[in-house]
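# Structural overview
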Amino acid sequence: MALAQQASVSGSHSTIDLSNASDTVAKALIELLLPSAWYELLNSLRAHYTEIDGTYVHLSKFSSMGNGFTFELETIIFRSLATTLGADLYDCVVFGDDVIINTKLSQAYIAALKFFGFTPNVGKTFCEGPFRESCGGDYFNGVAVRPHYLKSIPDEPQHWVALANGLRRVDPDMKYVRAAWRFCIDQIPSDWRNFGPAHLGDLVITDPDAYRDWE
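This write-up is about the structure you can find in this document. (Residues numbered from 1 in each chain as written. Predicted model: local features only at pLDDT ≥ 70, side-chain atom pairs only at ≥ 80, totals over all residues. Heavy atoms only, no water.)

Here we take up the sheet that holds strand S7 (residues 137-140). Whether parallel or antiparallel, the strands of a sheet pair through hydrogen bonds between backbone atoms. As summarised here, the arrangement of the three strands in space is S6-S7-S8, forming an open sheet in which the pairing is antiparallel. Two strands close off the open sheet at either side, each with one partner strand: strand S6 (131-134) and strand S8 (143-144). Contacts from helix H1 (residues 2-10) reach S6 and S7 within the one sheet, and its direction differs from that of S6 by about 165°. (Pairing = 2+ DSSP bridges. Helix = DSSP H or I, 4+ residues; strand = E, 2+ residues; numbered from the N terminus. Contact = heavy atoms within 4.5 Å. Axes fitted to C-alpha atoms, helices over the stretch in contact; angles between N-to-C directions.)

Moving on to the packing of aromatic side chains. Here the structure, examined in full by the defined rule, presents seven aromatic pairs. By the ring-pair criterion, three or more aromatic residues cluster together here, those being Tyr39, Phe62 and Phe69. In this structure, Arg46 is placed above the aromatic ring of Phe62, and the distance from its NZ or CZ to the ring centre is 4.9 Å. The ring centre of Trp181 lies 5.1 Å from the NZ or CZ of Arg168, which sits over that ring. (Phe/Tyr/Trp six-rings, centres within 6.5 Å; stacked < 30°, edge-to-face > 60°. Lys NZ or Arg CZ within 6 Å of the ring centre and 35° of its normal.)

Before going further, it helps to examine the side chain of Asn165. The residue Asn165 is located in helix H6 (residues 157-170) in this model. In this view, Asn165 contacts Gly201, Asp202, Val204, Ile205 and Thr206; residues no more than four positions away in its chain are not counted.

Phi is positive for Asn20, close to 50°, though the residue is something other than glycine. Residue Asn20 is classed as exposed on the basis of its relative accessible area, which comes to 55%. For Met174, which is not glycine, the phi dihedral falls at a positive 55°. Along the chain, Met174 turns up in the loop between H6 and helix H7 (178-186). (Buried < 20%, exposed > 50% of the residue type's maximum accessible area, 1.4 Å probe, protein only.)

With respect to the element layout, His48 can be found in the loop between helix H3 (36-45) and strand S2 (49-52). Considering only alpha carbons, one finds His48 and His58, ten residues apart in sequence, at a separation of 6.1 Å. Looking at His48, its side chain comes within polar contact range of the main-chain oxygen of Asn43, at 2.8 Å. (Polar contact = N/O pair within 3.5 Å; in protein donor to acceptor, adjacent residues only side chain to side chain.)

Attention shifts here to H1. Among the residues of H1, those classed as buried are Ala4, Ala7 and Ser8. Projection of H1 onto a plane perpendicular to its axis shows the buried side chains occupying an angular sector of 105°, all on one side. Turned more than 90 degrees away from the buried face of H1 sit Val9 and Ser10, all of them exposed. (Arc of directions from axis to C-beta.)

Of all hydrophobic cores here, the largest spans 27 residues; its most connected members are Phe78 and Tyr109. Contributions of two or more residues to this core are made by helix H2 (27-33), H3, helix H4 (70-84), strand S4 (92-95), strand S5 (98-102) and helix H5 (103-115). Per-element accounting of this core gives the leading share, five residues, to H4. Ignoring sequence-local partners within four residues, the contact set of Phe78 consists of Leu18, Ala21, Val94, Gly96, Asp97, Val99, Tyr109, Leu113 and Phe118. Core analysis: the second largest hydrophobic core is formed by 13 residues, Trp160, Val177, Trp181 and Ile205 among them. (Core = buried A, V, L, I, M, F, W, Y, C linked by side-chain atoms within 4.5 Å.)

Now for a nonpolar patch on the surface. Together, Trp38, Leu41 and Leu45 make up an exposed nonpolar region whose accessible area comes to about 340 Å². Tracing the backbone through its elements, the reader meets Trp38 in helix H3. (Patch = residues over 30% accessible without salt bridge, like charges linked within 9 Å, V, L, I, M, F, W, Y side chains within 5 Å. Areas by Shrake-Rupley, 256 points an atom, 1.4 Å probe, with all protein chains shown as cover. Salt bridge = Lys/Arg side-chain N within 4 Å of Asp/Glu carboxyl O.)

Right, let's get into the layout of surface pockets. Roughly 410 Å³ of volume is contained in the largest pocket. Along the walls of the largest pocket sit 16 residues, with Gly136, Ala144, Arg146, Arg169 and Val170 positioned nearest its centre. When residues of the lining of the largest pocket are traced back to their parent elements, those giving at least two are S7, S8 and H6. The class makeup of the residues in the lining of the largest pocket is nine nonpolar, four polar and three charged. (1 Å grid on protein atoms, 1.4 Å probe; cavity = no way out; pocket = protein on both sides within 12 Å on 5 of 7 lines; lining within 4 Å. Points joined across faces, edges and corners; volume = space filled by probe spheres on them. Nonpolar A, V, L, I, M, F, W, Y, C, P; charged D, E, K, R; others polar.)

What follows is about the state of the cysteines. Counted by the stated rule, this structure contains zero disulfides. Not part of a disulfide, Cys92 finds its nearest cysteine sulfur in Cys135, a span of 12 Å. Note on Cys92: relative accessible area 3%, which makes it buried. Left without a disulfide partner, Cys127 is nearest to the cysteine sulfur of Cys92, which lies 12 Å away. We classify Cys127 as buried; its relative accessible area is 17%. (Disulfide = S-S within 2.5 Å.)

Written as structure tokens, this is what we have:
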């Protein structure tokens, strides 16, 4: 995400999003790209048919629901396409179907995606201007602008922990959301108020100083 944030200022890289990426990974493409031994192994592990209204239908897409290696396979495919276009280590970063690529290569890359049966999401692909989006981060001129989404009112301690952490991610310096964050903490029983570093996610209440002083 740091590269996307930097690119929203410099314009050096574009962020590319795809529509239904896993549903459009064709079996023929995998057979074309992978060494035969790897193709045979992965093909033996995938679902070849699905049942619809009592009828079994043969699948041409390589990854059906529940395929455990889809994410890794997408990463290999989309990074390989970039490498074929001449992208070096610093020209392209791929994480599943989130692609950040040198802006000079972006249009050729989009054309390559279409050639291999993928559909770039035009509404979420950014090759120019001050905005970039990748891996859940939205950046405008270097500023993180993605809000925290609240899908339902919290009613359990872990939900309040998640909301408190979401508010801190939006406003790390707590300039604007401190009162709301404090309200979340007040809803959490004392025994649940375990503070810790951000890399622990919502297992703890994120606190840069990781202290506990709320009783």
